[in-house]
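Chain by chain, the residues run as shown.
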Amino acid sequence: SGGTNAWDAGAVSKQASSGNAGVEFSCTRGQYHMIGLSHHGQDASQSYNDIDCALYCRSNGSLAAYENGKYTHAFAASYSNADRLQVRREGTAVTYWKGDTKLGTCSKAMVGLVHADSSMYYQKNSFEKVKWLSADAYVPTPAPTPSPTYSGTCSNGSLIAAHLPQRATTAARATRAITSPTSGA
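Here is a short report on the structure shown in this document.

Conventions adopted
- The residue count restarts for each chain, going from 1 along the sequence in the order it is written.
- Only residues with pLDDT of at least 70 are given local features in this predicted model, and only at 80 or more are side-chain atom pairs given and counted; all residues enter the totals for whole chains, interfaces and linings.
- Side-chain metrics in this entry use all non-hydrogen atoms of the structure; hydrogen atoms and water are not considered.
- Comment: elements are numbered from the N terminus, with helices defined as DSSP H or I runs of at least four residues and strands as E runs of at least two.
- For each residue, the accessible area found with a 1.4 Å probe, counting protein chains only, is set against the maximum for its type, and the residue is called buried under 20%, exposed over 50%, and partly exposed in between.
- Here the accessible surface of atoms and residues is derived via Shrake-Rupley with a 1.4 Å probe, and residues count as covered only by protein chains that are part of the display.
- Here, nonpolar core refers to any group of buried Ala, Val, Leu, Ile, Met, Phe, Trp, Tyr and Cys residues whose side-chain atoms link them within 4.5 Å.
- Two cysteine sulfurs form a disulfide in these notes if their separation is within 2.5 Å.
- What makes two strands pair is DSSP finding at least two bridges between them.
- Helix axes are fitted to C-alpha atoms over the stretch in contact, other axes to C-alpha atoms as well, and angles between N-to-C directions run from 0 to 180 degrees.
- Only heavy atoms enter the contact rule, under which two residues are in contact if any of them lie within 4.5 Å.

Overview of the overall build of the protein chain
Right, so step 1: For the protein chain, the helix and strand inventory stands at two helices and eleven strands.
Right, so step 2: Shown N-terminal to C-terminal, the secondary structure of the protein chain runs as helices and strands in the order β-β-β-β-β-β-β-β-β-β-β-α-α.
Right, so step 3: For the protein chain, the residues scored as buried account for 52% of the 185 residues in total.
Right, so step 4: Of the roughly 7700 Å² of accessible surface on the protein chain, a fraction of 51% belongs to carbon and sulfur atoms.

Things to note about the nonpolar core
Right, so step 1: Grouped together as the largest cluster of nonpolar side chains are 27 residues, with contacts concentrated most on Val23, Phe25, Leu55, Leu63, Leu85, Val87 and Tyr96.
Right, so step 2: Those elements giving two or more residues to this core turn out to be strand S2 (21-27), strand S3 (33-38), strand S4 (53-57), strand S5 (62-67), strand S7 (85-90), strand S8 (93-98), strand S10 (114-120) and strand S11 (127-133).
Right, so step 3: Ranked by residue count, the leading element in this core is S2, at four residues.
Right, so step 4: Counting eleven residues, the second largest nonpolar core, distinct from the first, contains Tyr32, Met34, Tyr121 and Tyr122.

Some remarks on the state of the cysteines
Right, so step 1: According to the stated counting rule, one finds two disulfides in the structure shown.
Right, so step 2: With a sulfur-sulfur separation of 2.1 Å, cysteine 27 is cross-linked through a disulfide to cysteine 57. With the S-S bond torsion at 60°, the cross-link from cysteine 27 to cysteine 57 turns out right-handed. With cysteine 27 in strand S2 and cysteine 57 in strand S4, this residue pair connects regions lying 30 residues apart in the sequence.
Right, so step 3: Judged by relative accessible area, cysteine 57 falls into the buried class, the value being 0%.
Right, so step 4: The side chain of cysteine 53 participates in a disulfide bridge whose partner is cysteine 106; the two sulfur atoms lie 2.1 Å from each other. Across the disulfide from cysteine 53 to cysteine 106, rotation about the S-S bond amounts to roughly -70°, and the bridge is consequently left-handed. Here cysteine 53 is found in strand S4, whereas its partner cysteine 106 is found in the loop between strand S9 (101-105) and S10, with 53 residues between them in sequence.
Right, so step 5: The exposure class of cysteine 53 is buried, given its relative accessible area of 0%.
Right, so step 6: Taken in sequence order, the bonded cysteines of the protein chain link in the pattern 1-3, 2-4.

What about the sheet that holds S3?
Right, so step 1: In spatial order, the strands read S1-S10-S3-S4-S5-S6; together these six strands make up an open sheet with antiparallel pairing. Pairing within the sheet leaves two strands with one partner each, and these edge strands are strand S1 (9-17) and strand S6 (70-78). Pairs of neighbouring strands in the sheet enclose a mean axial angle of 20°, with direction left out of account.
Right, so step 2: As judged from the six bridges shared by S5 and S6, these two strands associate in the antiparallel manner. Across the sheet, the residue bridging to alanine 65 is histidine 73, located in S6.

Concerning the sheet that holds S9
Right, so step 1: The strand order across the open sheet built from five strands is S9-S8-S7-S2-S11, with neighbouring strands paired in antiparallel fashion. Of all strands in the sheet, those with a lone pairing partner are S9 and S11, marking the two edges. Across this sheet, the average inter-strand angle for adjacent strands is 20°, counted without regard to direction.
Right, so step 2: As defined by bridge partners, S8 adjoins S9 across four bridges and the pair is classed as antiparallel. By the bridge assignment for S9, tryptophan 97 is matched with lysine 102.

Some words on unusual backbone geometry
Right, so step 1: One non-glycine residue, asparagine 68, adopts positive backbone phi at about 50°.
Right, so step 2: Looking at the secondary structure, you find asparagine 68 in the loop between S5 and S6.

Points about the environment of histidine 40
Right, so step 1: By the element assignment, histidine 40 lies in the loop between S3 and S4.
Right, so step 2: Excluding residues within four positions of it along the chain, histidine 40 makes contact with Val12, Asp50, His115 and Asp117.

Purely geometric numbers; function is a separate question.
Here it is in structure tokens:
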């Protein structure tokens, strides 16, 4: 990143599934970030434009859906730092969740392998308690496996690679160093 706030930091998991799968996470209020599912295993741009079905956590606590970089709709629900959010696929349908409440459905049918994918706007953004969800009843993969479940705060991209298993850290380290907010994101 070049020292300004922009949608140019993120990560994609190497962990993937061709069956039912998803990603669970918590967002930090006061930041802008998106996380969801992609059909590819590489971050084409670090932007949210390459996330097929994304849940957008706005800094004011509101939630919205984006598909391939395009806004689709806002959800009535808001989030707190403690809320458990999910984007998950069952069959070919991708759904957005807050706790046990279904917020909506992505209009894209996703077939084949899916990966967790993320993008962040502010410098020093973070996701917390990120977990890859397995195919059976969305139970996190138990350790010790090649793709363990981690929890904690991602900061400066250093733990994003750990939270989204086996991701090359080059993209994750693109997280910026300045934390001043920018309006209009």
